[in-house]
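Chain by chain, the residues run as shown.
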Amino acid sequence: MEWKIVVDTACDFREIPNKAENVIYERVPFSLQIEDKVFVDTLDLDIDKMMEEMYASSEPARSACPSPEAYLAAYRGAKNVIVLTLTGAMSGSYNSAVIGEKMLKEENKDVNIYIIDTLSAGGENDLYLLKINELIKEGLSFDEVVSEMKKYQENSKLIFVLEKVDNLVKNGRLNKLAATVVGLLNMRMVGEASNEGTLHLLHKVRGEKKAVSSVVDEMIKAGYKGGRVVVTHRNNEDICKKIQNKLREKFLNIEFMIVPTSGICSFYGEEGGMLLGYEI
């Protein structure tokens, strides 16, 4: 095949909608370890079971990024390869992808490959996936696709809402007092992916209604004018639809896609969490 789009599983699409005919889609999975059990983020992963195990355990759960060898295997077999990885600020996936690229070039120096550190996760990564597929469908060359994606990355953002933060506490990324406040007072944490690819907290709000308003207000403040939205969620389609309805009060005919989270995005977004990527 002429093209491959290779992603780690911080992209939530199991298949690319309306995939270009000359594209192969390859997902390179993260692994998630809960005590002595390892869950691989493949299409057949029982995410409900994984989440049950995670919440039942008092031990920190861990994630492991794909190996360079896994990336190399995914790269083989196409003339042009475009790669999307979870933000390099939070994972070694991007570094593994780059090492895999060097290994590929030793095998075949003529292959074209471009690796995008998305500086993000979830819905924004899914936006990139859709855009790459569309550019290939339009018949653009490899260099043209790369050029367009560099521009596109400057004009998209991620905003997220977390309802549970147990895993963040267990892994030492959030103190227990903050977690208690979130649990007892019906609080949500609203944040965004920073320009450096870290997760930046914007607001702590009480209740879903305020969370929805906060998300829409932050999107508009960031420059949203009615572009495409992809929102991924862990068992919380309700908040996604409420955000969709509120946006459509302000912007007509927006393209709004709702997708269940992958294993790795469920692991970090936790129950009720959502990660929304949008064009500005």
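This write-up is about the structure you can find in this document. (Residues numbered from 1 in each chain as written. Predicted model: local features only at pLDDT ≥ 70, side-chain atom pairs only at ≥ 80, totals over all residues. Heavy atoms only, no water.)

A word on the pattern of salt bridges. If you walk through the whole model with that rule in mind, you get 15 salt bridges. Between Glu148 and Lys151 there is a salt bridge, and its shortest N-O distance comes to 3.4 Å. One end of the pair is Glu148 and the other is Lys151, both in helix H5 (residues 142-153) and three residues apart, which spans about a single turn. Through salt bridges that share partners, Lys37, Lys49 and Glu53 make up one connected network. (Salt bridge = Lys/Arg side-chain N within 4 Å of Asp/Glu carboxyl O. Helix = DSSP H or I, 4+ residues; strand = E, 2+ residues; numbered from the N terminus.)

Bringing the nonpolar core into the picture now. Grouped together as the largest cluster of nonpolar side chains are 27 residues, with contacts concentrated most on Ile5, Ile82, Leu84, Leu129, Ile132, Ile136 and Met149. Listed by contribution, the elements that provide at least two residues to this core are strand S1 (3-8), strand S2 (23-28), strand S6 (80-85), strand S7 (112-117), helix H4 (123-137) and H5. It is H4 that provides the largest number of residues to this core, a total of seven residues. When residues no more than four places from it in sequence are discounted, the contact partners of Leu84 are Val6, Val7, Asp8, Cys11, Ile116, Thr118, Asn125, Tyr128, Leu129 and Ile132. Core analysis: the next-biggest nonpolar cluster, separate from the first, contains 23 residues, Met51, Met189, Cys265 and Leu275 among them. (Core = buried A, V, L, I, M, F, W, Y, C linked by side-chain atoms within 4.5 Å. Buried < 20%, exposed > 50% of the residue type's maximum accessible area, 1.4 Å probe, protein only. Contact = heavy atoms within 4.5 Å.)

Below, the discussion takes up the sheet that holds S7. Taken in spatial order, the four strands of this open sheet run S2-S1-S6-S7, and their pairing is parallel. Single-partner strands in this sheet number two, and they are S2 and S7. In this sheet, adjacent strand axes meet at a mean angle of 15° when their direction is disregarded. Two elements, S1 and S6, share five bridges in a ladder whose sense is parallel. Counted as the bridge partner of Val7 is Leu84 from S6. (Pairing = 2+ DSSP bridges. Axes fitted to C-alpha atoms, helices over the stretch in contact; angles between N-to-C directions.)

Along the chain, Glu163 turns up in the loop between strand S8 (156-162) and helix H6 (166-170). We classify Glu163 as partly exposed; its relative accessible area is 24%. Polar contacts involving the side chain of Glu163 include one to the side chain of Arg188, which spans 3.2 Å. For Glu163, the side chain forms a polar contact with the side chain of Asn236, separated by 3.0 Å. (Polar contact = N/O pair within 3.5 Å; in protein donor to acceptor, adjacent residues only side chain to side chain.)

Relative to each other, helix H2 (residues 68-75) and helix H3 (residues 93-107) sit at 55°, their axes nearing to 7 Å. Taken together, the axis directions place H2 and H3 in an arrangement best described as oblique. Taken as a pair, H2 and H3 cross one another with a handedness that is right-handed. Two secondary-structure elements touch here, H2 through Pro68, Glu69, Tyr71, Leu72 and Tyr75 and H3 through Ser93, Ser96, Ala97, Ile99, Gly100, Glu101, Met103, Leu104 and Glu107. The residue makeup of the contact of H2 with H3, split by class, is eight nonpolar, three polar and three charged. (Parallel < 35°, antiparallel > 145°, perpendicular 65-115°, else oblique. Left-handed = near helix turned anticlockwise from the far one by under 90°. Nonpolar A, V, L, I, M, F, W, Y, C, P; charged D, E, K, R; others polar.)

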